[in-house]
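Here's the letter readout for the chains.
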Amino acid sequence: MGIVRARAPPAAAVAAPSAQTNKSPRTARVLVLGGTGRVGGSTATALSKLRPDLNILVGGRNREKGESFAAKLGERSEFVQVDTRNASMLEKALQGVDLVIHTAGPFQRVEECTVLQAAISTKTAYIDVCDDTDCSWRAKDFHEQAKAAGVPAITTAGIYPGVSNVMAAELVHAARSENGEPERLRNLPEVKSAFKILGVPTVSARFGTAPFFWNWGMQAFANFLPIEFLRDKNKVQKLVKSVDPLVRAVDGIAGERVSMRVDLECSNGRGTIGLFTHKKLSVSVGFATAAFALAVLEGNTQPGVWFPEEPEGIPLEARKLLLERASQGTSNFVMNKPSWMVETDPKEVILGIYV
């Protein structure tokens, strides 16, 4: 099966001389794998708004759906038919691409990093929206290979984990810069690397989101499915398709509000907070992922595979802009405020999940 490009770009794209570049060329080509899905489609849409000059390739297997979506994005977008399980097809699709964004989940129980390996092989910058601990650490196993190839890569570069990691890192940095000693992080969503990287124990994980059935329930459900089932993308897609109407029905009733709260406690008794609330998760996740994509395109990420909270992934000086981009459209975005000054609306943690 060959690669089908349904729409030619308006002008020939000039590939970056290496995976890491500080020029962020106006003709940069970005391939969004899983581009016709909820996260991928939202990411492509956000990218087209934040950087209208980008050439966005919508990668997927459904040509009809992909062509239709690419047409809606505009003349700088095109559809690329590609199967993420096919290494040779991936490498062909990555030729001339400056950055690949891997949103084609689920990532649970995935034992191979096929897309990351293809990115390293073709010297293409890479980010993913992985939300599985084991899978993200498996990606980290390719750190030295990516570093040797000069390929910058960030794993777990979505909203949570992702933006939540950067929020936590910013709280810790701000506390230390004010001679405070961070003692513990609370309510940090899905971050298992915080203690190792930030040196601050994480006590609990908590987030509030209305479409919890999809974001948490489906992940939990996947843990009980046979590994053979999860490896079969066709079966997984059929399952997703079958439950999608129910998910959207729940969204319609409960809404799509998403709220993340990260608390930092210091040894001197001082506490600071980071709060992120958006009325639509389907929109917010796109801007969050797009923010990481632009940070990489702009040359902020060092070669290697990084978590978002690592300074080699998103350096201190780039965090503010990343959070500004990620928080587009939020109804409440607060960083580094004393805990006693911030009140959380109970509605923001409706149907919240406590771990």
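The rules behind these values
The residue numbers shown here count from 1 along each chain, following its written sequence. Owing to the predicted nature of the model, reporting of local features is limited to residues with pLDDT of at least 70; listing and counting of side-chain atom pairs is limited to 80 or more, with chain, interface and lining totals taken over all residues. Heavy atoms from the whole structure form the basis of all side-chain values; hydrogens and water molecules are not counted. Note on pairing: DSSP must find at least two bridges between two strands before they are called paired. For helices the rule is a DSSP run of H or I covering at least 4 residues; for strands it is a run of E covering at least 2, with both sets numbered from the N terminus onward. Every axis in this analysis is a line fitted to C-alpha atoms, fitted for helices over the stretch in contact. Angles between the N-to-C directions lie between 0 and 180 degrees. Here a polar contact means two N or O atoms within 3.5 Å. Within protein one must be a hydrogen donor candidate and the other an acceptor candidate, and residues neighboring in sequence count only if both atoms are side-chain atoms. Roughly parallel refers to an angle under 35 degrees, roughly antiparallel to one over 145, roughly perpendicular to one between 65 and 115, and oblique to any angle outside these ranges. Left-handed is the label given to a crossing in which the near helix is rotated counterclockwise from the far helix by less than a right angle, and right-handed is the label when the rotation is clockwise. Pairs of residues are marked as contacts when any of their non-hydrogen atoms sit within 4.5 Å. Nonpolar residues are Ala, Val, Leu, Ile, Met, Phe, Trp, Tyr, Cys and Pro. Charged residues are Asp, Glu, Lys and Arg, and all others, Gly as well, are polar.

The name that an unreviewed UniProt entry assigns to the protein is Saccharopine dehydrogenase NADP binding domain-containing protein, with the source organism given as Urochloa decumbens.

Take the sheet that holds strand β11 (residues 304–306) next. Here we have 7 strands laid out as an open sheet, ordered β3-β2-β1-β4-β5-β6-β11, and parallel in their pairing. Both edges of this open sheet fall to β3 (77–81) and β11, since each of them pairs with a single strand only. In this sheet, adjacent strand axes meet at a mean angle of 20° when their direction is disregarded. Here strand β4 (residues 99–102) pairs with strand β5 (residues 125–128) via 4 bridges, running parallel. Bridge pairing links His102 to Asp128 in β5.

Right, let's talk about the side chain of Thr277 for a bit. Relative to the helices and strands, Thr277 is located in strand β10 (residues 271–278). A distance of 3.1 Å separates the side chain of Thr277 from the side chain of Ser259, its partner in a polar contact.

The contact between helix α7 (residues 163–177) and helix α13 (residues 316–326) brings their axes to 10 Å, and the two run at 135°. Taken together, the axes of α7 and α13 lie oblique to each other. The hand of the α7/α13 crossing is left-handed. Contacts from Val163, Val166, Met167, Ala169, Glu170 and His173 of α7 reach α13 at Leu316, Arg319, Leu322, Leu323 and Ala326. Looking at side-chain class alone, the contact of α7 with α13 contains 8 nonpolar, 1 polar and 2 charged residues.

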